[in-house]
Amino acid sequence: MITIVVLFLLIGLLAGIIGSLVGMGGGMFFVPALLYVVNHFYPGEMTPQLAAGTSLFVIVVTALSSSVTYLKQKKVDIQSALLFFIGSAPGAITGVYLNKLFDSHTFSLVFGLFQLAMFVLMMVKDKLKPRHVEWEVKRTYVDESGTTHTYGYSRWLSILLAFLVGNVSSLFGVGGGILMVPVMLILFRFPPHMATATSMCVIFLSSLVGSITNIMHHQVAWLYVFALAPGALVGGVLGAKIASRLKGRTLVFLLRILILAIAVQMITEYFIYR
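Attention in this report is confined to the structure presented alongside it. As the structure is a computational prediction, the values presented were derived from the model and not from experiment.

Here six bridges tie strand S1 (residues 137-142) to strand S2 (residues 148-153), and the two strands are oriented antiparallel to one another. Bridging across to S2, Val142 finds its partner in Thr148. Counted along the chain from S1 to the antiparallel partner S2, the turn is five residues long, and its residue Gly146 has a positive phi close to 95°.

Taken N-terminus to C-terminus, the directions of helix H3 (residues 48-72) and helix H8 (residues 192-216) make an angle of 145°; their axes are 8 Å apart at the nearest point. Considering how the two elements wind past one another, H3 and H8 form a crossing that is left-handed. Of the residues in H8, those touching H3 at Gly53, Leu56, Phe57, Ile59, Val60, Ala63, Leu64, Ser66, Ser67, Tyr70 and Leu71 are Thr196, Ala197, Met200, Cys201, Ile203, Phe204, Ser207, Leu208, Gly210, Ser211, Asn214 and Ile215. Class assignment for the residues of the contact of H3 with H8 results in 15 nonpolar, eight polar and no charged.

Here we take up the side chain of Ser207. Along the chain, Ser207 turns up in helix H8. Given the relative accessible area of 0%, Ser207 is considered buried. Within the structure, the side chain of Ser207 is placed 2.7 Å from the backbone oxygen of Ile203, a separation counted as a polar contact. Leaving out residues up to four positions away in the same chain, Ser207 has contacts with Leu56, Ile59, Val60, Ser169 and Gly175.

Analysis parameters
- Residues numbered from 1 in each chain as written.
- Predicted model: local features only at pLDDT ≥ 70, side-chain atom pairs only at ≥ 80, totals over all residues.
- Heavy atoms only, no water.
- Pairing = 2+ DSSP bridges.
- Helix = DSSP H or I, 4+ residues; strand = E, 2+ residues; numbered from the N terminus.
- Axes fitted to C-alpha atoms, helices over the stretch in contact; angles between N-to-C directions.
- Left-handed = near helix turned anticlockwise from the far one by under 90°.
- Contact = heavy atoms within 4.5 Å.
- Nonpolar A, V, L, I, M, F, W, Y, C, P; charged D, E, K, R; others polar.
- Buried < 20%, exposed > 50% of the residue type's maximum accessible area, 1.4 Å probe, protein only.
- Polar contact = N/O pair within 3.5 Å; in protein donor to acceptor, adjacent residues only side chain to side chain.

Next comes the structure, spelled out in structure tokens:
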């Protein structure tokens with residue numbers, strides 16, 4: 001057990017650093033780590049439901065820290081975040097129940113395909129240019145340099161997209177920022193820093209709702225939460241400091257390779273052990 005705790009402290013630290021460097025949650029790494037490490041030492045103990053629920057609760061802890069920082073910096077569009085939460089909250093609850101439909105092998109395939117889709121998204125999102133659409137809601141934001149940004153969205157489309165993000169968040173235990181941020185940047189033309197900050201607050205709220213639902217169904221392994229969370233929190237702080245010293249393109253390239261490797265491994269496992 002001590003070995004597992006030490007491993008998860010290190011995994012949490014690594015995931016926190018990577019998440020801070022490239023702006024995504026650690027759930028992409030928490031869930032595979034929980035499934036592989038725990039079941040290696042205690043076969044059959046870690047189910048997909050327990051892994052997703054545990055990962056999601058760790059994301060609540062880390063997202064809270066980030067959200068408080070962003071709120072202090074006044075980078076969060078609070079009104080938009082609350083609107084998105086209207087959609088993400090029921091989505092987070094629905095995702096918990098959808099997760100119950102998967103056994104371990106099927107979950108490996110679906111999660112692997114999800115990772116593969118995230119790899120493709122990371123490959124193409126930088127090549128997509130923001131779209132100019134006359135949305136019903138229009139807002140302006142003046143950043144620290146004095147530049148004025150104009151962005152907007154449709155209320156009903158925002159709620160629908162947030163529902164899907166909340167669903168994916170609880171289904172896979174990944175948070176959902178990697179989906180929400182590109183939508184906010186490309187479709188709604190949010191300023192980059194505001195998109196990240198607002199998305200993080202929505203993720204905190206929806207992950208909290210999903211985690212409460214998981215707790216009610218006894219789908220959180222508290223020992224592993226306490227093992228992962230400290231490293232993830234420290235890693236987030238370290239990642240922010242490291243980011244200014246490393247080339248962003250190199251980091252993103254390494255992350256893409258890592259996500260692709262996890263996707264291939266989990267999909268392969270499904271076909272080997274089915």
